[in-house]
Amino acid sequence: MGADLKPEGPNDQARARLALALDVDDLVEAQRLGQLLRPWFGVAKIGLELYSAAGPEAIGSLADAGFEVFVDLKLLDIPTTVHKAARVLGSLGARYLTLHARGDVPMLRAGVEGLHEGAAAAGLPAPDALAVTVLTSDDSAPPHVVPHRIALAVEAGCGGIVCAASDVHDAKELAPRLKAVVPGIRLAGTPAHDQVRSATPSQAIAAGADLLVIGRTVTQADDPPATAAAIAAEVAGASR
């Protein structure tokens, strides 16, 4: 099917729950991938690699392309620095911003407040600060770590958390109002790479995930549009 694939009536609900991880070091390549896969993804994620290569320009470019922009920088610093950085990112149009929950409540709260201040000053809708609990590449964290970091996120006023699919059920019991953002999503039978706690789209949805972050399993596929269509169909089916 390739790049000429045209989705027939893409499921808007599924699209809103899919974030495309643009883990590349070139903005032109990110724009190309975004344009190719936008019919199936409503959110574009900018990580350290793309942000290091293109900086704030990446946020505006992907927002102009019609995506909600997810800035995944996992901010972890003193509260003043996190507040100022989050305020800038909010003003640039970040719809989601990650803060590392290894920080304490004052740091997380500073990020939440800065992000909202920046968005409000720019006349943008209220964004969500996401507290990163434990990376999906880490299977060695003690059992108490995720609940503790979820409690910090709640106290700090975060809008959501980032966690593995295997943690979502417990996270929703502890903090049902928080959005659960799950990376490490792979179609069954595809390589997990360094995501040791990966899950299929249907497994993540069944666990209660609100937003699925998908990168290499689609961007490095032989036929990215066909793979994206398969993921969207699986999400739509699991969401019924």
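Residues numbered from 1 in each chain as written. Predicted model: local features only at pLDDT ≥ 70, side-chain atom pairs only at ≥ 80, totals over all residues. Heavy atoms only, no water.

## Topic: the overall build of the protein chain
Thought 1: Scanning the protein chain from N- to C-terminus turns up 11 helices and eight strands.
Thought 2: The C-alpha atoms of the protein chain give a radius of gyration of 17 Å, which matches the 18 Å a tight globule of 240 residues would have.
Thought 3: Seen through its C-alpha atoms, the protein chain measures out along the principal axes to roughly 50 × 40 × 30 Å.
Thought 4: A buried classification covers 52% of the 240 residues belonging to the protein chain.
Thought 5: Long-range pairs, those at least 24 residues apart, make up 69% of the contacts in the protein chain with a sequence separation of at least 6.
Thought 6: Accessible surface, the protein chain as shown: approximately 10600 Å² in total, 52% of it carbon and sulfur.
Thought 7: Charge-centre separation for the protein chain: the mean point of 20 positive side chains lies 4 Å from the mean point of 28 negative side chains. (Helix = DSSP H or I, 4+ residues; strand = E, 2+ residues; numbered from the N terminus. Rg over C-alpha atoms; globule rule 2.2 N^0.38 Å. Buried < 20%, exposed > 50% of the residue type's maximum accessible area, 1.4 Å probe, protein only. Contact = heavy atoms within 4.5 Å. Areas by Shrake-Rupley, 256 points an atom, 1.4 Å probe, with all protein chains shown as cover. Lys, Arg positive; Asp, Glu negative; His and termini not counted. Charge placed at Lys NZ, Arg CZ, Asp CG, Glu CD.)

## Overview of the sheet that holds strand E6 (residues 160-162)
Thought 1: On the basis of which strands lie adjacent, the closed barrel formed by eight strands has the order E1-E2-E3-E4-E5-E6-E7-E8 and parallel pairing. Direction aside, neighbouring strands of the sheet carry axes that sit 25° apart on average.
Thought 2: Of the pairings in the sheet, the one linking E6 to strand E7 (residues 179-182) comprises three bridges and is parallel in character. Each residue of the ladder has a partner; that of Val162, found in E7, is Val181. (Pairing = 2+ DSSP bridges. Axes fitted to C-alpha atoms, helices over the stretch in contact; angles between N-to-C directions.)

## Description of the nonpolar core
Burial of nonpolar side chains together is a common tendency in soluble globular proteins.
Thought 1: Ranked by size, the top nonpolar core spans 69 residues in total, and within it Phe41, Leu99 and Leu212 carry the most contacts.
Thought 2: Broken down by element, this core gets its largest block of residues, six residues, from helix H7 (residues 145-156).
Thought 3: Those residues in contact with Phe41, other than ones at most four positions away along the chain, are Arg15, Leu18, Ala19, Leu20, Phe67, Ile214, Val218 and Ala228.
Thought 4: Within the second largest apolar cluster, 11 residues are counted, among which are Ala19, Val132, Val181 and Val213. (Core = buried A, V, L, I, M, F, W, Y, C linked by side-chain atoms within 4.5 Å.)

## Thoughts on the pattern of salt bridges
Thought 1: Inspection of the entire model under this criterion finds eight salt bridges.
Thought 2: Put simply, Lys45 and Asp72 hold a salt bridge, and the shortest N to O gap is 3.0 Å. Remark: Asp72 occurs in strand E3 (residues 68-75) and Lys45 occurs in strand E2 (residues 43-46); sequence separation between them is 27 residues. Side by side, Lys45 and Asp72 carry an identical accessibility label, which is buried.
Thought 3: A salt bridge links Lys179 to Asp128, with the shortest nitrogen-to-oxygen separation between them at 2.7 Å. Of the two residues, Lys179 is situated in strand E7 and Asp128 in strand E5 (residues 128-132); the sequence distance between them amounts to 51 residues.
Thought 4: Relative accessible area serves as the criterion here: at 28%, Lys179 is assigned to the partly exposed category.
Thought 5: Several salt bridges share partner residues, and in doing so they unite Asp23, Lys45, Asp72 and Lys74 into one network. (Salt bridge = Lys/Arg side-chain N within 4 Å of Asp/Glu carboxyl O.)

## Remarks on helix H2 (residues 27-37)
Thought 1: Along H2, the residues classified as buried are Leu27, Ala30, Leu33, Gly34, Leu36 and Leu37.
Thought 2: Check the buried side of H2 and you find it contacts strand E1 (18-21), helix H3 (48-54), helix H4 (57-64), helix H10 (216-219) and helix H11 (224-239).
Thought 3: At the N-terminal end of H2, a side-chain oxygen is found 3.2 Å from the backbone nitrogen of Val28, two or three residues along, and the residue is Asp26. (Polar contact = N/O pair within 3.5 Å; in protein donor to acceptor, adjacent residues only side chain to side chain.)

## A closer look at the pairing of E7
Looking along a regular strand, one sees side chains alternate from face to face of the sheet.
Thought 1: Taken together, E6, helix H8 (residues 165-174) and E7 constitute a β-α-β crossover, and its handedness is right-handed.
Thought 2: Two elements, E7 and strand E8 (residues 211-214), share two bridges in a ladder whose sense is parallel. Bridge assignment links Val181 to a residue of E8, and that residue is Leu211. (Right-handed = clockwise from strand over helix to strand, strands pointing away.)

## A closer look at the packing of aromatic side chains
For any pair of aromatic rings, geometry is given as the distance between the ring centres together with the angle between the planes.
Thought 1: Here the structure, examined in full by the defined rule, presents one aromatic pair.
Thought 2: Ring geometry for Phe70 against Tyr96: centres 5.8 Å apart, planes inclined by 50°, an arrangement best described as tilted. Pair noted here: Phe70 is in strand E3 and Tyr96 is in strand E4 (residues 94-100), with a separation of 26 residues, a long-range link. Across this residue pair, the class does not change: Phe70 and Tyr96 are buried.
Thought 3: For the cation-ring pair, Arg95 lies above Tyr96, with the distance from its terminal atom to the ring centre recorded as 4.6 Å. (Phe/Tyr/Trp six-rings, centres within 6.5 Å; stacked < 30°, edge-to-face > 60°. Lys NZ or Arg CZ within 6 Å of the ring centre and 35° of its normal.)

## Details of the side chain of Ser61
Thought 1: In this fold, Ser61 is placed in helix H4.
Thought 2: Setting aside its immediate chain neighbours within four residues, Ser61 contacts Leu27 and Gln31.

## A closer look at unusual backbone geometry
Thought 1: Despite not being glycine, Lys74 shows a phi value in the positive range, around 50°.
Thought 2: Secondary-structure assignment places Lys74 in strand E3.
Thought 3: The class for Lys74 is partly exposed, based on a relative accessible area of 30%.

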